[in-house]
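Structural description and commentary
These are the residues of each chain, in order.
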Amino acid sequence: MGLENTNDVLMKSTVFENFESNVRSYCRKYPVIFAKAKGSLLIDQNGNEFIDFLCGAGSCNYGHNNDYIKDKVIEYLQNDGLIHGLDMYTIPKGEFIECLQNTILIPRGYDYKVLFPGPTGTNAVEAALKIARKVKGRSNILALMGGFHGMSLGALSLTADRFAREGAGVVLGNVTHVPHPATMKDFDTIAYIDLILTDDHSGVDKPAAIILESVQGEGGINIVSNEWLKAIRALCDKHDMLLILDEIQSGCGRTGSFFSFERAGIKPDIVVMAKSIGGIGMPCAITLVKPEYDVLAPGEHNGTFRGFQLSFVAGKAALEYLLAENVEAETVRKGKIVNEFLAANLPKIASDITYRGLGLMWGIDFGKYPPAIAQKIRCICYDNNVILELCGREDTVVKLLPPLTIDDAMLNKGLEVVRKAIIQALSTN
Ligand SMILES: Cc1ncc(COP(=O)(O)O)c(C=O)c1O
């Protein structure tokens, strides 16, 4: 698919370099100017196509401009549907809530109220923190080392990355970080958490909640096991704290089930979602809360953009699409393709490259190499028209996050570019 450029003059990146804030980041890694996107392809203004293994950081699980979802949005716009609705009752919002309840939550045995916290993931986390602290009357929250939960102050206090935290400019408090079981393999993290909560001389204030990602995205694709998830649920009950699952990156089918924690059969008290809950990259976030913890008074968590109707239209269409097209089962199947590809190829390249993943959320770990290697791999992939991002400590994990709708041929094509990039980066080391 090519792009016919209808402009006489192509846009120059100087408009961004001269006038956009220094804080811009992704664009520095992929310095072309994007114009279009379809399915698993990003297309720049010159018509160059890039296989998208970044996927809007997990916001475009169902593919760019997914026809089913896009048509619903176009139809709604053409009928002059309300676009901005504050948090008033509207048809799209009602239909979105009904669809989420009837097709996902109720059939899977989850009893949650839906709170609209604002358009981004960090908003959903802020609301979850307020709820937990109000329910338990305590300020401390436990979070896992390596976790990423957003960049607004409350969420940032949970986010572990030092660079991100230093940007706050204030002391970030009321959070205790505990080791992640996957990054501390010889350490019994459950026993440790139990100890710091039981020992009245541990120096750790009794928490209101623990928040975690069942698969850490920015932290380096660190997966907690089903057993660990069950154990942390039991520990929350034992120590009277809420369990908050951050599904912002790992949710919406990404790991092969709508929620990434379904595999453990647990029921969190609060679930935060964003990114692909908005269907095709529309801004939307939700905080799901067990009815008994739905304690915020009317307006206690308010905000103007909690009712962008196009997100609800697209979000409902995305749920319909997920079920109709068996996206979850397809994600499991494609996850096996990735797993088999990595298992067949990485050991032949070097024995100290490790990899891990679930569904279509994978990380190739170059932690045994200088950080420049992973950077080089990302650059070579970009030069060969595959866009992907790095994550983990010192950005040493190459993250593969293709759209769940990617076809097998394009998935394999992208993987092959990654394979060659690894060989090239290591051979010029
Ligand atoms: C797990 C997780 N939580 C929270 C966030 C924050 O979401 P947002 O960037 O929409 O504020 C992110 C973003 O990458 C995330 O991956």
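The paragraphs below set out a description of the structure included in this document. Each chain has its residues counted from 1, following the order in which its sequence is written. Given that the model is predicted, a residue must reach a pLDDT of at least 70 before its local features are reported, and side-chain atom pairs must reach 80 or more before they are shown or counted; all residues, however, enter totals for whole chains, interfaces and linings. Neither water nor hydrogens contribute to the side-chain values; these are computed over all heavy atoms in the structure.

Two aromatic rings, drawn from Phe, Tyr or Trp (for Trp, its six-membered ring), form a pair once their centres lie within 6.5 Å of each other, and the interplanar angle then sorts them: stacked below 30 degrees, edge-to-face above 60, tilted otherwise. This structure, assessed with the given rule, holds 16 aromatic pairs. Ring centres of Phe116 and Phe312 lie 5.0 Å apart, and the angle between their planes is 65°; on these two criteria the pair is classed as edge-to-face. Residue Phe116 is located in the loop between strand E4 (113-115) and helix H6 (121-136), and its partner Phe312 is located in helix H11 (residues 309-324); the two are separated by 196 residues in the primary sequence. Taken together through their ring pairs, the aromatic side chains of Tyr110, Tyr112, Phe258, Phe259 and Phe261 make up a single cluster. Per the convention used, a helix needs a DSSP run of H or I reaching at least four residues, while a strand needs a run of E reaching at least two, with both numbered from the N terminus.

Now for the nonpolar core. Among soluble globular proteins, nonpolar side chains are generally buried collectively. Core analysis: the largest hydrophobic core is formed by 91 residues, its most contacted members being Phe53, Leu212, Phe258, Phe259, Leu288, Ile364 and Leu400. Start and end points for every domain follow an automatic or database-based domain assignment. If you count residues domain by domain, this core takes at least three from each of domain 1 (14-65 + 327-427) and domain 2 (69-324). A contact between two residues is defined here by any heavy atoms of the two lying within 4.5 Å. Each residue touching Leu212, except ones within four places of it in the same chain, is listed here: Leu144, His149, Val224, Trp228, Leu229, Ile232, Leu243, Ile244, Leu245 and Asp246. Core analysis: the next-biggest nonpolar cluster, separate from the first, contains 26 residues, Leu115, Leu158, Tyr293 and Leu296 among them. Residue types Ala, Val, Leu, Ile, Met, Phe, Trp, Tyr and Cys, when buried and joined through side-chain atoms within 4.5 Å, form a set referred to as a nonpolar core. For the exposure calls, accessible area comes from a 1.4 Å probe over protein chains only, and a residue counts as buried if that area is under 20% of its type's maximum, exposed if over 50%, partly exposed in between.

On to unusual backbone geometry, then. Note on backbone geometry: most residues besides glycine have negative phi, and most peptide bonds are trans. Positive phi is not limited to glycine here, since Ile221 has a value of about 55°. A positive phi angle, close to 50°, is found at Asn326, a residue other than glycine. Inspection of the secondary structure puts Asn326 in the loop between H11 and helix H12 (327-349). Residue class for Asn326 comes out partly exposed when judged on its relative accessible area of 48%.

Our focus in this paragraph is the pairing of strand E9 (residues 270-273). Across the two faces of E9 the burial is the same, with Ile270 and Val272 and Val271 and Met273 all buried. Pairing of strand E8 (residues 242-246) with E9 involves 3 bridges; the strand directions are parallel. Within the sheet, the bridge partner assigned to Leu245 lies in E9 and is Val271. Bridging between E9 and strand E10 (residues 286-289) involves 4 bridges; their strand directions are antiparallel. Paired with Val271 across the bridge in E10 is Leu288. Pairing between two strands requires that DSSP report at least two bridges joining them.

This part covers the packing of helix H4 (residues 67-78) against H11. Axis definition: a line fit to C-alpha positions, over the contact stretch in the case of helices; interaxial angles, taken between N-to-C directions, run 0 to 180 degrees. It is the contact of H4 with H11, at a shortest axis distance of 9 Å, that shows an interaxial angle of 145°. Note on packing geometry: the crossing formed by H4 with H11 is right-handed. Contacts from Tyr68, Ile69, Lys72, Val73, Tyr76 and Leu77 in H4 reach Gln309, Leu310, Val313, Ala314, Ala317, Ala318, Glu320 and Tyr321 in H11. For this scheme, ten residues count as nonpolar: Ala, Val, Leu, Ile, Met, Phe, Trp, Tyr, Cys and Pro. Four count as charged, namely Asp, Glu, Lys and Arg, and the remainder, Gly too, count as polar. Of the residues assigned to the contact of H4 with H11, the class counts are 11 nonpolar, 1 polar and 2 charged. In this scheme the crossing of two helices becomes right-handed for a clockwise turn of the near helix relative to the far one and left-handed for an anticlockwise turn of less than a right angle.

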